[in-house]
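# Coordinate inspection notes
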Amino acid sequence: MMRKTTLGVTALGAVLALGLSACGGGGSATPSQSGAAPAGGDTAKAEFNAALTQVFNPSDKKGGILKFANAGDWDSLDPADTYYGYSWNFVRLYGRALVMFKPAPGKESSQLVPDLAENLGTPSDDAKTWTYKLRAGVKFEDGTPITSKDVKYGVLRSLDKEVFPDGYTYFNDTLDLPKDYKGPYKSKGVNTDKAIETPDDQTIVFHLKQAYSGFDYFAQLPATIPVPEAKDTGAKYREHVISSGPYKFDKNEIGKGFNLVRNDQWDQATDPNRKALPDGYEVSTNVNADDIDNRLLSGDLHVDIAGTGAQPATLGRVLTDPALKANTDNPTITRLWYTSINGNVKPLDNIDCRKAVEYAADKVAYQTAYGGEFSGGQIATSLLPPGIPGHADINPYPSGTDNHGDIAKAKEALTACGQPNGFETNIAYRAERPKEKATAEALQQSLSKVGIKLTLKPFPQADYYALYAGKPGYAKDNKLGLATNGWGADWPDGYGFLQQMVDSRVIRDSGGSSNISVRDPEVDKLIDQASLETDTAKREPIWAQIDQKVMDDAFILPGLWAKSLLIRGKGVTNVYFSDATGMYDYLNMGLQ
Amino acid sequence: MVTYIIRRLIWGVFMLAIVSVITFAIFFLVPRLAGATSESLATRYVGRTASAEQVKIAAEKLGFNDPLIVQYGRFAKGIVAGADYDYGPGVERCPAPCFGYSFLTRLPVWPDLLNRLPVTISLALGAAVIWLVAGVATGVVSALRRGSFFDRAAMSIALAGVSLPIFFTGIVSLVVFSYGRPLAFAAPGGSFTPFFDNPAMWAYSLILPWITLAFLYAAGYARLTRSGMLETMNEDYIRTARAKGLTERVVVFKHGLRGALTPILTIFGLDLGLLMGGAVLTESTFSLPGIGKYAIDAITNQDLPKVMGVTLVAAFFVVMANLVVDLLYAVVDPRVRLT
Amino acid sequence: MTAPLDVSGTELEAEPEAVLGGSQAKAIQGRSLGQIAWMRLKRDKVALAGGGVVIFLILVAVFAPLIVGWLGHPPNDFNQDLISSETLAPKDGTGIGWDHLFGVEPVNGRDIFSRIVYGARISLLIAFLATLLSVAIGTMLGVMAGYFGGWVDSVISKTMDVFLAFPLLVFAIALAGIVPDSAFGLSGDALRVSLLVFIIGFFNWPYIGRIMRGQTLSLREREFVDAARSLGARGPYIIFREMLPNLVAPILVYSTLLIPTNILFEAALSFLGVGVRPPTPTWGGMLSDAVRFYTIPHFMFFPGMAIFITVLAFNLLGDGLRDALDPRAR
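What counts and what doesn't
- Residues numbered from 1 in each chain as written.
- Chains lettered and ligands numbered in written order.
- Predicted model: local features only at pLDDT ≥ 70, side-chain atom pairs only at ≥ 80, totals over all residues.
- Helix = DSSP H or I, 4+ residues; strand = E, 2+ residues; numbered from the N terminus.
- Buried ≥ 20, exposed ≤ 12 C-beta atoms within 10 Å, placed from the backbone.
- Contact = placed C-beta atoms within 7 Å.
- Rg over C-alpha atoms; globule rule 2.2 N^0.38 Å.
- Core = buried A, V, L, I, M, F, W, Y, C linked by C-beta atoms within 7 Å.
- Nonpolar A, V, L, I, M, F, W, Y, C, P; charged D, E, K, R; others polar.
- Pairing = 2+ DSSP bridges.
- Axes fitted to C-alpha atoms, helices over the stretch in contact; angles between N-to-C directions.
- pLDDT = per-residue confidence, 0-100.
- Parallel < 35°, antiparallel > 145°, perpendicular 65-115°, else oblique.
- Left-handed = near helix turned anticlockwise from the far one by under 90°.

## Concerning the overall build of chain B
When its secondary structure is counted, chain B shows 13 helices and two strands. With respect to the principal axes defined by its C-alpha atoms, chain B has extents near 85 × 60 × 40 Å. The buried share of chain B, reckoned over its 339 residues, is 55%. A fraction of 64% describes how many contacts in chain B between residues 6 or more apart in sequence connect residues 24 or more apart.

## Some points on the overall build of chain A
Tallying secondary structure elements over chain A gives 18 helices and 23 strands in all. A compact globule built from 592 residues would reach a C-alpha radius of gyration of about 25 Å, and chain A, at 24 Å, matches this within 12%. Along the first, second and third principal axes, the C-alpha set of chain A runs to 75 × 60 × 40 Å. Here the analysis covers contacts within chain A between residues at least 6 apart in sequence; of these, 74% occur between residues at least 24 apart.

## Some words on the environment of N234 of chain B
Its location among the elements puts N234 of chain B in the loop between α8 (199-233) and α9 (236-243). Placed 22 residues apart in sequence, N234 of chain B and G256 of chain B show a C-alpha to C-alpha distance of 9.2 Å.

## Things to note about the nonpolar core
Within the largest apolar cluster, 364 residues are counted, with the highest numbers of intra-cluster contacts made by A356 and A469 of chain A together with A268 of chain C. Here the element with the most residues in this core is α8 of chain B; it accounts for 17 residues. Setting aside residues no more than four positions away along its own chain, A469 of chain A makes contact with A428, F459, Y464, A475, L480, A483 and I516 of chain A.

## Observations regarding helix α6 (residues 289-298) of chain A
Residue and element names in this part refer to chain A. Of all ten residues making up α6, nine are buried, and the element is well covered by its neighbours. Looking only at α6, the buried set comprises A289, D290, D291, I292, D293, N294, R295, L296 and L297. Positive backbone phi, approximately 90°, marks G299, located one or two places after α6.

## Description of the interface of chain C and chain A
With 28 residues of chain C at the contact, the number on the chain A side is 38 residues. If you list the elements that add at least two residues to the side of chain C that touches chain A, you get α7 (168-178) and α11 (283-292) of chain C. Counting residues per element, the side of chain C that touches chain A draws most heavily on α11 of chain C, at four residues. When grouped by side-chain class, the residues that make up the side of chain C that touches chain A number 14 nonpolar, nine polar and five charged.

## Describing the sheet that holds strand β6 (residues 196-200) of chain A
Residue and element names in this part refer to chain A. Strand order in the open sheet formed by four strands is β4-β5-β7-β6, with antiparallel pairing between adjacent strands. The outermost strands of the open sheet, each flanked by one partner alone, are β4 (122-124) and β6. The average angle at which neighbouring strand axes cross in this sheet is 25°, direction not considered. Examined bridge by bridge, β4 and strand β5 (residues 129-133) share three bridges and lie antiparallel to one another. Each bridged residue has a counterpart across the sheet, and for T122 the counterpart in β5 is T131. Each of β6 and β7 (203-207) touches helix α3 (residues 148-158); the most contacted strand, β6, lies at about 170° to it.

## Notes on helix α3 (residues 52-61) of chain B
An α-helix turns once per 3.6 residues; consequently, residues spaced three or four apart project the same way. Residues and elements named next belong to chain B. Residues of α3 that are buried: Q54, V55, I57, A58, A59 and K61. Elements that come into contact with the buried residues of α3 comprise α2 (38-42). Note on α3: the residue one or two positions beyond its end, G63, has a positive phi of about 80°.

## Observations concerning the sheet that holds strand β8 (residues 247-253) of chain A
Residues and elements named next belong to chain A. Ordered by their spatial adjacency, five strands build an open sheet running β8-β9-β10-β1-β11, and the pairing between neighbours is mixed. Two strands close off the open sheet at either side, each with one partner strand: β8 and β11 (303-304). Inspection of the sheet shows strand β9 (residues 257-262) paired to strand β10 (residues 280-284) by five bridges, in the antiparallel sense. Directly across from F258, in β10, lies its bridge partner V283.

## Digging into the environment of G119 of chain C
Residue and element names in this part refer to chain C. Among the secondary structure elements, G119 is positioned in helix α5 (residues 112-148). Exposure remark for G119: the 30 C-beta atoms within 10 Å place this residue in the buried category. Residues in contact with G119, not counting those within four places in the same chain, are P281, T282, W283, M286, P303 and A306.

## A short note on the pairing of β6 of chain A
Residue and element names in this part refer to chain A. In this sheet, β7 lies alongside β6 in antiparallel orientation, the contact comprising three bridges. Bridge pairing in β7 links I196 to F206. In this antiparallel pair of consecutive strands, β6 and β7, the connection spans two residues.

## Details of the confidence of the model for chain B
Per-residue pLDDT for chain B has a mean of 83; in total, 93% of the residues score no lower than 70. Interface confidence in the predicted complex, given as ipTM, is 0.84; pTM for the same model is 0.85.

## Points about the pairing of β7 of chain A
Residues and elements named next belong to chain A. Side chains I204 and F206 project from β7 onto a buried face, and the interleaved T203, V205 and H207 project onto a face without burial. In this sheet, β7 lies alongside β5 in antiparallel orientation, the contact comprising five bridges. Across the sheet, T129 pairs through a bridge with H207, a residue of β7.

## A few points about the confidence of the model for chain A
Residue and element names in this part refer to chain A. Per-residue confidence for chain A gives a mean pLDDT of 87, with 93% of residues at or over 70. The weakest mean pLDDT in chain A belongs to helix α1 (residues 13-18) at 30; the strongest belongs to β7 at 96. Below pLDDT 50 for its whole length, residues 1-43 participates in 152 contacts with residues either more than four positions away or in separate chains.

## Concerning unusual backbone geometry
Note the cis peptide between K346 of chain A and P347 of chain A, where omega equals -5°. A cis amide bond links P278 of chain C with the next residue in sequence, P279 of chain C, at an omega value of 5°. Within the secondary structure layout, P279 of chain C lies in the loop between α10 (235-271) and α11. With a phi angle near 65°, N403 of chain A is a residue other than glycine that sits in the positive phi range. Here N403 of chain A shows up in the loop between β14 (377-379) and α12 (407-417). You will see that Q302 of chain B, though not glycine, has its phi angle at about 50°, which is positive. Look at Q302 of chain B and you get buried, because 24 C-beta atoms sit within 10 Å.

## As for the packing of helix α6 (residues 149-163) of chain B against helix α12 (residues 297-325) of chain C
Viewed as axis vectors pointing N to C, α6 of chain B and α12 of chain C meet at an angle of 125°, and their least axial separation amounts to 8 Å. Regarding the angle of α6 of chain B to α12 of chain C, the classification is oblique. Between α6 of chain B and α12 of chain C the crossing geometry is right-handed. Residues L159, A160, V162 and S163 of chain B of α6 of chain B touch α12 of chain C, and the partners they reach there are F308, V311, L312, N315 and L316 of chain C. Class assignment of the residues belonging to the contact of α6 of chain B with α12 of chain C gives a composition of seven nonpolar, two polar and no charged.

Right under this line is the structure:
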């Protein structure tokens, strides 16, 4: 359960790193230096990490057009079909889900607050039934009042995975749907009240197959954004989503960009969360990534929407110039960059050989490969990132005093494994990701010091999980002992973070799972135990226990807890980092 | 003449058919031979945590369960006769030529291609004008002043021009003249403004790619023109023309250049045809959203309908360029008869 | 198909006439061609310089391990201590010095000098072998088409048309991307090199093929061939004993001119990430890494210049050879 990471915004090789196409957005491509207000520091003192735990440059001033740019492109603008983190962040400008993460800096952002609903969900029937009351007076952009039927329709259509293949399956998996229900297009007229009831226009009731205490997390998913059935155009809805939020689509050219303008049907009185400051948004997609950085620094652009931070070429420029550095933030996000150690490949079936890999890896080289201390991340000693509840500081395989690897311990482990002179195996990585290539090269170097000889095996990104590293048969036959990997949580929660990464039951023979190495029935058992545990205080320690167990098994070589170097756009108000989204919160930004 | 054109057009269609079959084989057949199943192929086109069921649905929807010949037939039929597409609440008619729907975005490929075409055409035509003018002019002057300093300097630069990889010159020019550098006079990579939106911005956004691309070609054309000129100026008819008492200017431009230009015309047509089908390296280097960039992105994402579409469009331009060149040739060179 | 189509992008001079106007008396006789050519070449200082650089590059490639052992560091060894862990750049900006002649790469601090030296191996090896392949296929089919004419010519010419209609780079990328890791009993660098040789060589043969077809067409009408035929010689004999010796000169010239094209092709594929697998150094691959760090110019400069100098040297040599072997084009 994870948003596709968009870090690999590449097409082939480095060309892609350079970035992609674009409609530069007319005048915005001119090297004008005057776009920003003269002084960014008038209302707030620009400091490194100033927007990490508090609102930087707070203001209620309205007006202006916020300019966003994306080095890649949305998977889809349709709320039923989007699974990118920045998209979930941004969708709230044109759509209102039942619930949302609190628009507040830092840790506070992990709290859920009602949005379209008046309150958070009311559980009944042992958390198998969840009821939400909608706010009165909320309207679509065409003036039609929003009812609970529109919310229900939005959720139901998102279940059609033929039309919306990109999205998540949380609702497909948990709602008590009629057998073989395929969404409102194919299963027209099928009564779905068993799953979602709408007793009146303001009330919506969800019925689950199993008790689930965290349903409010589902209620914040974009799929609960209301969709008017009469205006639904299925796969083409992404071209013009009917807005329920403060902004609506004006012009939308998929592949190039789009504009949002104010939605005059949106009423501030119905919305305690949104400030709706700018008069509109101008978004360009497929823009050269280095260009985005340069335009951010010159003030020609306000936000790099992907939220993954500065490009390597920009690092030197920003970090060595105190004035530029003062306009950046360097948060740790809930993502782990790691390397899977495949126990199906000899001699890594022997736990001591796996441990040798854990000890020998040069973590500093791993860090530089991913972008260094600021843009790469913090050296990880276990799976759970510090931002996830349940994180415990453990370090089962200390990699020497200076994190360059512990040769002596690694050799001991090799001897215990019966391979005192080392062994040969392969490391898989995604060819289009220069950082993974650098990681593979770094591991090849550091493991060679204890005699473990790695051969690099790049695979096309599109097929990495489906056909190669993630396909158990292929990985075994081709001796892919190691595989670079990465994982981030949909929201800061142990289940979302760990389940897809370590549950062996997600591994399929046909390939495609993110977990490609952890096979431990005890871990599976612990996951089941945790997901049934409704008491948070009892649940969180189980995540730590799973973390410890997987580390003891040495199925995963943790690399880094990711960090990103975010550049604050010039003249942008209300900038703050939100833990929930792992990037700046796009909801309430404005212009000076 | 007309029968010739018709025959050539039929041959052209046949060639496109061969190209499409081979493309199809590379992208659809080879993975199967390597052991991919319908489901593992479908995994590419669904979210990363898709359930087994989701994958099954996608495989069915994308038609992977049909025999390959049926899949190809469907593609070919779409181009000739159009196709129906179920977009959820209803069925949409995708009129011919229907290149199908992207496996990833589920949006039709053809409008996408049409959308990209102006970028590539702007790039190719703009660069072509520059290199033709610069290359031929340099070549003529070099030939007339053979051995002079200009000749030697121009030919050295030309030789350097053909020896530089475009992805190197492209990046260097971007770094030096863009990215907000002091010398910046051009748009950074990745910006494109359509001509009809704003001609000035259009030129501004393309000036660097034009120059970089034209440099590469101008070099070749200068060398070509020079040697062509040298050769024609030695021909008997030039001597005759001179003997008739024509001015040197008339001899050079009316008789000499005409003879030298014929082979250049051929090569120009073919080069332009190839470029129209996507200047892959230039577009990648400058992040221009043209056909070539589209091709690379499509391959990276294994978005097969896009790959098929872009290959056919590229091949179409080459075939058409060949035809046009042959026809023009008959006009320019009276010795050629079309049969 | 009409005659003009036989003019292709790589044959620069003289060709159209050879096809169109039939025979033109060659100024030089076959026997003394080699000696005369060598005399001419000796006088062409620029071409000789190109040849000198080519020989130097070949020596560098062959003795790469020795050179690196003497002047540099192993090409894949990290020098992490020279790299800032914040900006990823070399701590002193470039790392250039006696220890690292061309400086070090950002991120991992690998020695650029030794990677350039080793890169010459891959670049030259692939370019030579690919040229050999396209010349072999092109000559064989081109001569057959030109000599036999009729349906043989028709089939071969149309095949060449189809090849030329393909967006080559797109196909090369696709093929290089989907071929598995070990196949045909090969794996690792050996497989990748063979694959790239195949792709580059196989897609380039029509260019040589067209030239050879044109040359054969004009040779076919020459007296000595007629003489051989009237003496009862058969096709294969005429092709191998009468035609091929006369084709040696154009083959040599166009091979020399095809090598730089192939070097650029290989560099482009490596640049696009489908070349030889890392960490084996290639110039195109180094450039593609360098693009991400365009703020560190020395990283981009050395591989770029390496490609430039190599291609230029081959072009100079090829030009000189052509001038020497074909007196009409000067």
